[in-house]
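Structural overview
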Amino acid sequence: MSTIRRLLAPRQLFPCSLLAAVLVLAFATSASAQDGADRGASNDRAAEDERITFDVALDESRGGGRVVGSAGDFDYAEGRYLLASGGVELKYRDVILRAERLRLDIPENSITAEGEVVLDEGPRRLAGDELEYDLDTRTGRLKAATAYVDPDIYMAGDVISKTGPMTYTIEDGVFTSCEGDTPAWSIATTRADVTLEEYARIRNARLRFGPVPAFYFPYILWPATTERSSGWLVPKPGYSSREGFHISTAYYKTLGRSADATFYFDLSTEEYHGIGAELRYRPSEDTQGILEVYNLFQPEGGFAPEDGGPAVVFDPDRLLPVGVPATERPSEDRWKLAYFHETNNLWTHWRAVVNLQLYSDFDYLKDVERNFDRQSQSFIYSNAFLTSNIGPHSINIMVDQREQVRGNLSQDTRRQLPEVEYRLRSTQIGDSDFYFGLRSSVNYFDLEIEPPPAADGADPAPTFTADYGRFDFAPVITWSLPGTSWLNASIDLGGRVTHYTDSLTPLADSPDGQDFAGESLTRTFPTAALEIVGPSFSRIFETGGERWSKFKHLIEPRFTYRFVDEFDEQNQVLLFDEVDVFNPVNVAVVSIVNRLLAKPADESKGGAFEIASLSIAQGFNLDDQLGQTGSGLDENGEPVGSSEGPIFTTFRFNPDRDTNLKVDLQYNTLFSRLQSFGLSGATDIGRHKVDLTWFTRWNAETGDETDDQVRLRGSIELIRDRLTFDALVNYNLRDDLLLNPDGTEPDRLQSQAYALNFTGSCYSWQLSYREQNFTGFEDRDFRFSLTLKNVGTFLDLRESF
């Protein structure tokens, strides 16, 4: 059968054209099916030669023409009728009919047929048990009709009537994407009036799971087209404890060959109503975009706790004070606007991207968004950039905005309007051993930092605002010394010049006690680095084992030196990004790395790879700075400390390409204590996946634990290719948890999420539980969603508390 192709249609639209697509293919002639029928009729050549052929002229007043065919036997009365039986095949113009028995009424130009009837009318096919068909008007009806549409769309009906060139009526029909006599899901209808390339008007539609009816729609307007066509999509019901019962309807609109749009209309029993639109376009292979807008009309006190107690909530302009009941929140609209545009090969070497995310308030992510990744965002980021890479040169022009709420509930908005950046990757100078690299940028910044909510009765602190410019220039010259296979060395000489059009000055009533002074500042400092790798030693071991054929042990000493000069006025620089961060150093680091590589005995498993490594490193300050410090003074009245840094040890183990383990240890030599431990690993055990991260930190001087958290992510396949269980857990193991602001002990289980996913032949469902515990805040919900093949997510039930 021919394959129906769609361009730019949303996922929901293809299944919504199920009925029309069925009819198009139900009446379609397929070359493969035709050939199969011909082969079935001619398997026995002798029997074929014994078939009787006929050629009958029709009444010219009724369209004329000739009917030709063959049968095992027939009875013909000239001008009156033709009776044929025994595998009849009849052809009239573009009509081909096959049946066990048929009668041609010549004066009426009508046919009745029965027994495995297959009717091909041009590109359309219909099959069933009994047919009544008018050759003149090309109309008729077929009983016990069935049809199949690729991909995986099935239909059956008691009667399918062709009432015109493009119109059909289906009585007691069933539509599904599932195979079998009792499909996992189906849509049953008592009557459907179909106009191809327009709509199917379905009455008394019942969604059934197996033989059990689940949902009823008195009327559905279903797009009936094999091409992209405007029309209403299938309504999608749902329920949540906050919004009550809700239903989402959508209208799809084509906008030419390269664009379309979907308009959403959502209603709920708890007065959470919404309207929105999604516009998609792709005028060329290099350009595409999508625009999403949505407005939620919420009732007064929307998204408040069920008990109506106090909660910290956000309004579009600023934070509401702690203790304001959420039920007093006004019934204002909440909205989002998201836009993404991408153009590649612009002016040959350029790429342009716009990524815009705007929300009425931060809580929109948690309250309204149903995408888990968006719900868990801690910030809202928008940017637009124009970038080009030509050889070693890179140019980037960008504007962006980042909004986030910090731990103290201050609201921080930072913008770059714009940033112009030029980079030159390290490039060889002529034929010499010298290389030149450069990072440079010009920025204009705009900041707005709202203070945390004021305590009861206190005046709120003023909002901190600033706008200023920055120019940064950071060249570096690298000299790659002539080396050998066992010893390599390189020297970097560079510096950084950063000019600020404004700088900070101490101010008691501003955030962090600082404000802009109105004076420019230039920060200049040189940098230098030296790296020596080697002398390296290695040895290869021939094992001849069944798993590994060879091992290679490599011992690689390293010496690195890094120098960044001091800058006394760093406290006058506002930290915006990594360019502003400044850490003067004069440090040498000595390390030794042991690497073990293995080559699989089975060459089909690839070449050699690193299965284990052990790295031990320690830094040494070469000036007056301390690498490790304590809290008091020593016997000479000097701060307790040492120029030595802690010892860092990293062990990696990769027994195969699907398993990795990493252990990080940091040992404080000043107090002879372990000050941090980290363990991370992941493995694929057949179809199961496990990912573990655990890190602990201690105060090296006192031995007190300061942090201890574990994160576990896993996916277990309970039934092969059918049922999986996914889990994500973040747990705090620390003994002395910091109390919440209200004096209660926080939950050790910071966040957890579990999902049971089932995939059937024509449907899937997910049952999930999610919980997040922040300081003084909890958010939990259960969710069940059902996705039907060729329909999309049909049902979404959610309980939040």
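This text follows the structure it describes.
Thoughts on the overall build of the chain
When its secondary structure is counted, the chain shows 6 helices and 46 strands. Taking all contacts inside the chain whose residues are at least 6 apart in sequence as the whole, residues at least 24 apart take part in 47%. Per element, the accessible surface of the chain, about 41,500 Å² overall, is 54% carbon and sulfur.

Considerations on the state of the cysteines
Tallied over the entire structure, the rule returns 1 disulfide. Two residues share a disulfide in this structure: Cys178 and Cys762, whose sulfurs sit 1.7 Å from each other. When the S-S torsion is 90°, as for the bridge of Cys178 with Cys762, the disulfide is right-handed. Linking Cys178 in the loop between β10 (167–176) and β11 (185–195) with Cys762 in the loop between β43 (749–759) and β44 (763–774), this pair joins segments that are 584 residues apart in sequence. Cys762 matches Cys178 in its accessibility class, with the two residues each being buried.

Comments concerning the pattern of salt bridges
Inspection of every chain in the model, using the stated rule, returns 34 salt bridges. Linking Arg138 and Glu121 is a salt bridge whose minimum nitrogen-to-oxygen distance equals 4.0 Å. Pair noted here: Arg138 is in the loop between β7 (124–134) and β8 (139–149) and Glu121 is in strand β6 (residues 110–121), with a separation of 17 residues, a long-range link. Judged by its relative accessible area of 7%, Glu121 is buried. For Glu421, the salt bridge is made with Arg439, and the minimal N-O distance between the two is 4.0 Å. Residue Glu421 is found in strand β24 (residues 411–428), and its partner Arg439 is found in strand β25 (residues 434–450); the two are separated by 18 residues along the sequence. Overall, the relative accessible area of 14% leaves Glu421 in the buried class.

Points about the pairing of strand β33 (residues 585–600)
Sheet topology note: the strand β32 (residues 548–564)/β33 ladder contains 16 bridges and is antiparallel. In the strand pairing of β33, Arg562 is matched with Val587. Pairing geometry for β33 and strand β34 (residues 609–621), over 12 bridges, is antiparallel. Within β34, the residue paired with Val587 across the bridge is Asn621.

Comments concerning a nonpolar patch on the surface
Together, Ile395, Ile397, Val420, Val442, Phe471, Phe473 and Val497 make up a nonpolar patch on the protein surface, roughly 490 Å² of accessible area in all. For the nonpolar patch, the elements supplying multiple residues, two or more each, are β23 (393–405) and β26 (464–481). Relative to the helices and strands, Phe471 resides in strand β26.

The rules behind these values
Residues numbered from 1 in each chain as written. Predicted model: local features only at pLDDT ≥ 70, side-chain atom pairs only at ≥ 80, totals over all residues. Heavy atoms only, no water. Helix = DSSP H or I, 4+ residues; strand = E, 2+ residues; numbered from the N terminus. Contact = heavy atoms within 4.5 Å. Areas by Shrake-Rupley, 256 points an atom, 1.4 Å probe, with all protein chains shown as cover. Disulfide = S-S within 2.5 Å. Buried < 20%, exposed > 50% of the residue type's maximum accessible area, 1.4 Å probe, protein only. Salt bridge = Lys/Arg side-chain N within 4 Å of Asp/Glu carboxyl O. Pairing = 2+ DSSP bridges. Patch = residues over 30% accessible without salt bridge, like charges linked within 9 Å, V, L, I, M, F, W, Y side chains within 5 Å.

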